[in-house]
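Structural characterization, general
Residues per chain are reported as follows:
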Amino acid sequence: MAEKKTQENPLPEGSAECPEQLKDAAPRPVKVVAPNPVSSPRFIPSFTKTPPNELYRKLLPAVLFVLTFVTVMTVLLIYMDTVALGAQQFRLNMSRDYELARISAESPTFVEYVRQRQEHLASRPRRPSSPPPTTTPRVEVLDGILGKIDNGTLVEFLSSGGRDPTALALEARGWRGLAVRAAPRDFLSLRAERALHACLSPGPHPREVSYAELDTDGSVFRSRVLCLPLLTVLLAAEATRADYTALDGPAAPGALEALPFERLRLRVLDVRSSDRDVLRRSAEVLRANNYSLAASFDDGLLFRLDGDV
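Let us look at the structure shown here. (Residues numbered from 1 in each chain as written. Predicted model: local features only at pLDDT ≥ 70, side-chain atom pairs only at ≥ 80, totals over all residues. Heavy atoms only, no water.)

Soluble globular proteins tend to bury their nonpolar side chains together. Counting residues in each nonpolar core, the largest one holds 40 residues, and the members touching the most others are Leu-256 and Leu-259. Among the elements that line this core, the one with the most residues is helix H8 (residues 230–236), at five residues. Every residue in contact with Leu-256, bar those within four places of it in the chain, is listed here: Leu-230, Leu-247, Phe-261, Leu-269, Val-271, Ser-282, Val-285 and Leu-286. Core analysis: the next-biggest nonpolar cluster, separate from the first, contains 16 residues, Leu-154, Leu-170, Trp-175 and Ala-295 among them. (Core = buried A, V, L, I, M, F, W, Y, C linked by side-chain atoms within 4.5 Å. Buried < 20%, exposed > 50% of the residue type's maximum accessible area, 1.4 Å probe, protein only. Helix = DSSP H or I, 4+ residues; strand = E, 2+ residues; numbered from the N terminus. Contact = heavy atoms within 4.5 Å.)

Okay, structure coming up:
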């Protein structure tokens, strides 16, 4: 019986140990390895578990930086656009001519403004030690027309150049008047008791124009000059009964045409120009207003008022 039970419950194959040894053997511990968690970078805050107040505190510097940057860039762009538009408008103003049609040549306010300009912008008086000027052919014609007077009134409204020799010769005899120049540098170099920086307007209204002046090195100097009607200058200088008035330039015919000759007494008018068409149109205007040709020169024509006593 014992043999049969032994044969019915055999031990596992390959096991040489006895059941007592199996009971005494301690079980081996099982080593459990936990997976390594993926660590996130320290500089990235965890917003999911951050309270709202703490979240706002962390986001506030970034929001303020963005707002400041946007504001500064917007102001800078607006400033650059404004400067660019201003420069463009300046260049446009320097190249355009504007006629001040709302201002009349006889406006008392405008006449007073011109009178103050000739007083405040008057050039330095001529040096008394300078040699006396010589008599010019125009002075001889004037003496033949007016007589050799020593207290006459003159207006020399020229675009450029220094003092006119005829005007200097007359001033040496006691004549008084006004010297007007359009060229800025020629105006600053004038030596006259009364001087005005302006150009001649070809109509009854003042104008503001861009004046180009050639420099000594060949470059062009541009400036803004106020062109005045001849009537405004005569009223401001109190020379509506001037004995001698000299004009030049292409604006002379239009300036003469805008004059109310019936209210003036300009005894001798001297129109100077190298353009024969300018002289022809000026002669037509003056002949239509009771003037006749008194003398002809290489650079202009001299007219006298008929019936002048």
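So that's the structure; there's more coming.
A word on the sheet that holds strand S6 (residues 207–214). Taken in spatial order, the four strands line up as S1-S6-S7-S5 in an open sheet, and their pairing is mixed. Pairing within the sheet leaves two strands with one partner each, and these edge strands are strand S1 (98–99) and strand S5 (199–200). Direction of pairing for S6 relative to strand S7 (residues 220–228): antiparallel, over a ladder of eight bridges. Along S7, the bridge assignment pairs Arg-207 with Cys-227. (Pairing = 2+ DSSP bridges.)

With that settled, the discussion passes to the pairing of strand S9 (residues 268–272). Within a regular beta strand, the side chains point alternately toward one face of the sheet and then the other, so they alternate between its two faces. Along S9, five of the five residues are buried, which leaves the element largely enclosed by surrounding structure. Covered by surrounding structure in S9 are Val-268, Asp-270 and Arg-272 together with Leu-269 and Val-271, the residues of both alternating faces. In the sheet, strand S8 (residues 244–248) pairs with S9 via four bridges, with the strands oriented parallel. Considered in S9, the bridge of Leu-247 is made with Val-271. In this view, the connection linking S8 to its parallel neighbour S9 by way of helix H9 (residues 252–257) has right-handed handedness. Two elements, S9 and strand S11 (residues 300–305), share five bridges in a ladder whose sense is antiparallel. If you follow Val-271 over to S11, its bridge partner there is Leu-301. (Right-handed = clockwise from strand over helix to strand, strands pointing away.)

Together, Phe-65, Val-66, Phe-69, Val-70, Met-73, Leu-76, Leu-77, Tyr-79, Met-80 and Val-83 make up an exposed nonpolar region whose accessible area comes to about 990 Å². Its place among the elements puts Val-83 in helix H3 (residues 52–95). (Patch = residues over 30% accessible without salt bridge, like charges linked within 9 Å, V, L, I, M, F, W, Y side chains within 5 Å. Areas by Shrake-Rupley, 256 points an atom, 1.4 Å probe, with all protein chains shown as cover. Salt bridge = Lys/Arg side-chain N within 4 Å of Asp/Glu carboxyl O.)

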